[in-house]
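Per-entry structural report
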Amino acid sequence: GQQLNQSPQSMFIQEGEDVSMNCTSSSIFNTWLWYKQDPGEGPVLLIALYKAGELTSNGRLTAQFGITRKDSFLNISASIPSDVGIYFCAGQRYTGNQFYFGTGTSLTVIP
Amino acid sequence: DGGITQSPKYLFRKEGQNVTLSCEQNLNHDAMYWYRQDPGQGLRLIYYSQIVNDFQKGDIAEGYSVSREKKESFPLTVTSAQKNPTAFYLCASSIDRDSEAFFGQGTRLTVV
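These figures come from a predicted structure and were not determined experimentally.

**Topic: the interface of chain B and chain A**
If you look at the interface, chain B gives 20 residues, while chain A gives 22 residues. Note on chain B versus chain A: buried area summed over both sides is about 1,600 Å², and carbon and sulfur give 49% of it. When the buried surface of chain B facing chain A is broken down by residue, Arg97, Asp98 and Glu100 of chain B rank first, second and third, together holding 31% of it. Applying the counting rule to chain B against chain A returns one salt bridge.

Structure, rendered in structure tokens:
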């Protein structure tokens, strides 16, 4: 299957700090999605991106569709304890293709 | 309440037994999916269905079977042929194949 590399694999940050994570691939994608998964639950969609260069925000979260179409970025500003969880990227290469998921970035916020 | 319901939340089975995981959605979505999640790994696609009475294998279909007799329901059977069945199983649905998917709460299957 298609490989999506997420980094970092895990992060430990202080409450109030900003967070950045990314997702990269060797292939071009036409759609990028970002999900958050709480322990023992299903992933919840945070942001969807459909156009190269697109920058979309959802509250304290901002995601960008990379210009090369081979990467995407997620930033969280002023982190809070409930931001704890695993963040997954997902990408679709072309219409009709399946969505591939990255391996996730585990975020721990220290109060 | 619209959403995707997976049941049960936890399931224990003895090795060699088939087990069926339930997934129901009332979102009127055409497409439904089953993913497997192992610790430290991303989601891997087992099977997907774009429409009633049709389904396709994903990347790791061996040892699994599905049916799509109704639009709302997409049950997954983990057969005894699946070598490492213990995992967290996630069902999802989307309006169509190209739209973002929404997930259920998952079923954690433990085979002993």
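**A short note on the sheet that holds strand β7 (residues 64–66) of chain B**
Residue and element names in this part refer to chain B. The strand order across the open sheet formed by four strands is β1-β3-β8-β7, and the pairing between neighbours is antiparallel. Of all the strands in the sheet, just β1 (4–7) and β7 have a single pairing partner and so form its edges. Averaged over all pairs of adjacent strands, the angle between their axes in this sheet comes to 20°, without regard to strand direction. Judged from the four bridges that link them, β1 and strand β3 (residues 19–25) form a sheet pairing that is antiparallel. Each bridged residue has a counterpart across the sheet, and for Gln6 the counterpart in β3 is Cys23.

**A look at the side chain of Ser93 of chain B**
Residues and elements named next belong to chain B. For Ser93, the location among the structural elements is in strand β9 (residues 87–94). A polar contact of 2.8 Å, which involves the side chain of Ser93, links it to the side chain of His29. Among all residues touching Ser93, those that are not within four sequence positions of it are Ile4, Gln25, Leu27, His29, Ala31, Met32, Tyr33, Glu100, Ala101 and Phe102.

**Some points on the state of the cysteines**
Applying the stated criterion to the full structure yields two disulfides over all chains. In this model, Cys23 of chain A is linked to Cys89 of chain A through a disulfide, with the two sulfur atoms separated by 1.9 Å. Taking the torsion about the S-S bond as the criterion, the Cys23 of chain A to Cys89 of chain A disulfide, at about 50°, is right-handed. In this pair, Cys23 of chain A sits in strand β3 (residues 19–24) while Cys89 of chain A sits in strand β9 (residues 85–92), placing the two residues 66 residues apart along the sequence. Each member of the pair, Cys23 of chain A as well as Cys89 of chain A, is classed as buried. Across a sulfur-sulfur distance of 1.9 Å, Cys23 of chain B and Cys91 of chain B are joined as a disulfide pair.

**Things to note about the environment of Tyr64 of chain B**
All names here are of chain B. Looking at the element boundaries, Tyr64 is found in strand β7. Residues Tyr64 and Val111, spaced 47 residues apart in sequence, show a C-alpha to C-alpha distance of 14 Å. The residues touching Tyr64, leaving out its near neighbours within four places in the chain, are Arg36, Ile46, Tyr47, Leu76, Thr77, Val78, Thr79, Gln82 and Tyr89. Side chain to side chain, Tyr64 and Arg36 meet in a polar contact 2.8 Å long. Among the polar contacts made by the side chain of Tyr64, one reaches the side chain of Tyr89 at a distance of 2.9 Å.

**Considering the pattern of salt bridges**
Throughout the structure, instances matching the rule amount to six salt bridges over all chains. Each of Arg36, Asp38 and Arg44 of chain B takes part in a single network of salt bridges with overlapping partners.

**As for unusual backbone geometry**
Residue Ser7 of chain A is joined to Pro8 of chain A through a cis peptide bond whose omega torsion reads -5°. For Pro8 of chain A, the location among the structural elements is in the loop between β1 (5–7) and β2 (10–14). The phi torsion at Ala78 of chain A lies on the positive side, around 45°, for a residue other than glycine. Summarising the element assignment, Ala78 of chain A is placed in the loop between β8 (71–76) and β9. Looking at Ala78 of chain A, the relative accessible area reads 37%, which means it is partly exposed. One non-glycine residue, Asn28 of chain B, lies in positive phi territory at about 60°. Assignment of secondary structure puts Asn28 of chain B in the loop between β3 and β4 (31–37). Residue Asn28 of chain B is classed as exposed on the basis of its relative accessible area, which comes to 57%.

Calculation notes
Residues numbered from 1 in each chain as written. Chains lettered and ligands numbered in written order. Predicted model: local features only at pLDDT ≥ 70, side-chain atom pairs only at ≥ 80, totals over all residues. Heavy atoms only, no water. Contact = heavy atoms within 4.5 Å. Buried area = accessible area lost by both parts, 1.4 Å probe. Salt bridge = Lys/Arg side-chain N within 4 Å of Asp/Glu carboxyl O. Pairing = 2+ DSSP bridges. Helix = DSSP H or I, 4+ residues; strand = E, 2+ residues; numbered from the N terminus. Axes fitted to C-alpha atoms, helices over the stretch in contact; angles between N-to-C directions. Polar contact = N/O pair within 3.5 Å; in protein donor to acceptor, adjacent residues only side chain to side chain. Disulfide = S-S within 2.5 Å. Buried < 20%, exposed > 50% of the residue type's maximum accessible area, 1.4 Å probe, protein only.

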